[in-house]
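Listed here are the chains, written in short residue letters.
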There are 2 protein chains.
Amino acid sequence: MDNEDFKQLKDDFIAQWGTLGSCWGINRTMAQIHAYLMLAVEPTDTNTVMDALKISRGNANSNLRDLVGWGLIKRVTYPGDRKEYFDAEKDVWAMFCIIARERKRREIDPALNLLQASSSKSFNKRDAEQQLFLKQTASLTEFVQTASTALNKIARAEQSKVLPFIVKRL
Amino acid sequence: MDNEDFKQLKDDFIAQWGTLGSCWGINRTMAQIHAYLMLAVEPTDTNTVMDALKISRGNANSNLRDLVGWGLIKRVTYPGDRKEYFDAEKDVWAMFCIIARERKRREIDPALNLLQASSSKSFNKRDAEQQLFLKQTASLTEFVQTASTALNKIARAEQSKVLPFIVKRL
DNA sequence: ATAAACTTTCAGTAATTACTGAAAGTTTAA
DNA sequence: TTAAACTTTCAGTAATTACTGAAAGTTTAT
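Residues numbered from 1 in each chain as written. Chains lettered and ligands numbered in written order. Predicted model: local features only at pLDDT ≥ 70, side-chain atom pairs only at ≥ 80, totals over all residues.

Visitor: What's the story with the relation of the copies chain A and chain B in this structure? I'm lost.
Guide: Between the two copies of the chain lies a rotation about an axis combined with a shift along it. Each copy superposes on the other: chain A lies on chain B with an RMSD of 0.0 Å after a rotation of 180 degrees and an axial shift of 0.0 Å. Such a combination of turn and shift is consistent with a two-fold rotation axis. When C-alpha positions in chain A are compared against the rotation axis, the closest is assigned to Gly-25 of chain A, at 2.7 Å. Both copies present the same face, since 100% of the interface residues in chain A are matched by interface residues at the equivalent positions in chain B. (Least-squares fit on C-alpha atoms with pLDDT ≥ 70 in both. Contact = placed C-beta atoms within 7 Å.)

Shown next, in the form of structure tokens:
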């Protein structure tokens, strides 16, 4: 494959990965930057990302910050060079662990708080609607707790090597 | 708990469930309607949903249609009554199976197509960038395939009874 | 201190997504 | 066939989310 074709294929891949990102609640640009960095041989600076994806400085900066916040990329600096570079986690299972951990923290934990608050009230046993509410919130709580525990186990970074086997064995 | 307090609690729960929904790519209203129906003792018609959630007819109609599309709620009709009513799946594990199946279809399968298309090209082994691209797309493909298989197993409805045990045993 | 090299912020704007409500469409009954 | 009861559609609008680019901020070297 010559260089032109490869460039095209890579750009398409990045664009498509962005589209996919939006299926998950990840914004398009953030997913594209992530794809770009996953495919980059070396850590890359903001200007290079801006130019490659044709996005503004502000946009690049804030999405890079968010990716660092997720732990999906790391800031890299070199002595004698004051620019910051960014490097993506390239092991997909490690990546999965990171995402599992973050989504738990951002989505599961708040849900659990909400559910526990609701289902800990005392209800009128005579009222069918209140009974159903209690039953539903209680079983949702149990469900979310189970999910939370499962994600905890998955998210242990040291397990990233064994995780594929666990999942395959399901 | 008296009826006023309960109404308040239920409304708060529905509102919060909506907020949570947006964490997942589910829109707020759709999640709220779903919550409302999960807590409804009987199948409920469009007008009742509109009134309860203070939303327009069009909005109610399209979100109910989408929920039916996801398989999270069912249309119910009664002989001699030409209105349509909607009833939510109330078993949370069954619900989880439905969501797993749908998300696989909507998110995983397209990703897999994309990845397979990319990683099936022939690359220049001398070029480090092309090598990395091949390596990354190949391992992403493997990962997504594993995820897909796992979700397939999870999504078998008949397993909804055993699923809690599987997950807890992880 | 000054300036160069770089990063961050944020007000304004663009793009996307969700919602309304009235009109059009459909079904059933008489 | 007409009309009542209900559902669906969709053009217009509102709300939300993402992006730009210039200005302000920070760090380092001299």
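That shown, we press on.
Visitor: What am I meant to see in the packing of helix α5 (residues 92-119) of chain A against helix α1 (residues 3-23) of chain B here?
Guide: Helix packing geometry: the angle between the two helix axes and the distance between the axes. Running from N to C, α5 of chain A and α1 of chain B cross one another at 175 degrees; their axes reach a closest spacing of 10 Å. Judged by the angle between their axes, α5 of chain A and α1 of chain B are roughly antiparallel. Contacts between α5 of chain A and α1 of chain B pair Arg-106, Glu-107, Pro-110, Ala-111, Leu-114 and Ser-118 of chain A from the former with Leu-9, Phe-13, Gln-16, Leu-20 and Cys-23 of chain B from the latter. Of the residues assigned to the contact of α5 of chain A with α1 of chain B, the class counts are seven nonpolar, two polar and two charged. (Axes fitted to C-alpha atoms, helices over the stretch in contact; angles between N-to-C directions. Helix = DSSP H or I, 4+ residues; strand = E, 2+ residues; numbered from the N terminus. Parallel < 35°, antiparallel > 145°, perpendicular 65-115°, else oblique. Nonpolar A, V, L, I, M, F, W, Y, C, P; charged D, E, K, R; others polar.)

Visitor: Could you clarify how one ought to interpret the sheet that holds strand β3 (residues 81-88) of chain A in this entry?
Guide: The strands making up a sheet associate through hydrogen bonds between their backbones, and the pairing can be parallel or antiparallel. Residue and element names in this part refer to chain A. Spatially, β1-β3-β2 is the arrangement adopted by the three strands of the open sheet, whose pairing is antiparallel. Taken across any chain shown, the strands that pair with only one partner, and hence form the sheet edges, are β1 (44-45) and β2 (73-78). As paired elements, β2 and β3 share five bridges and run antiparallel to each other. The partner of Lys-74 across the bridge, within β3, is Asp-87. Sheet contacts for helix α2 (residues 28-38): β1, β2 and β3; angle to β3, the most-contacted strand, approximately 95 degrees. (Pairing = 2+ DSSP bridges.)

Visitor: It is not clear to me how helix α4 (residues 57-70) of chain A should be interpreted in this structure. Could you clarify?
Guide: Residues and elements named next belong to chain A. With 14 residues, α4 ought to run about 20 Å at 1.5 Å a step, and its terminal C-alpha atoms sit 20 Å apart, in line with that. Buried within α4 are the following residues: Ala-60, Asn-63, Leu-64 and Leu-67. One face of α4 carries all of its buried residues, which in axial projection span an arc of 105 degrees. Of the residues in α4, the exposed ones pointing more than 90 degrees away from the buried face are Gly-58, Arg-65 and Gly-69. (Expected span 1.5 Å × (residues − 1). Buried ≥ 20, exposed ≤ 12 C-beta atoms within 10 Å, placed from the backbone. Arc of directions from axis to C-beta.)

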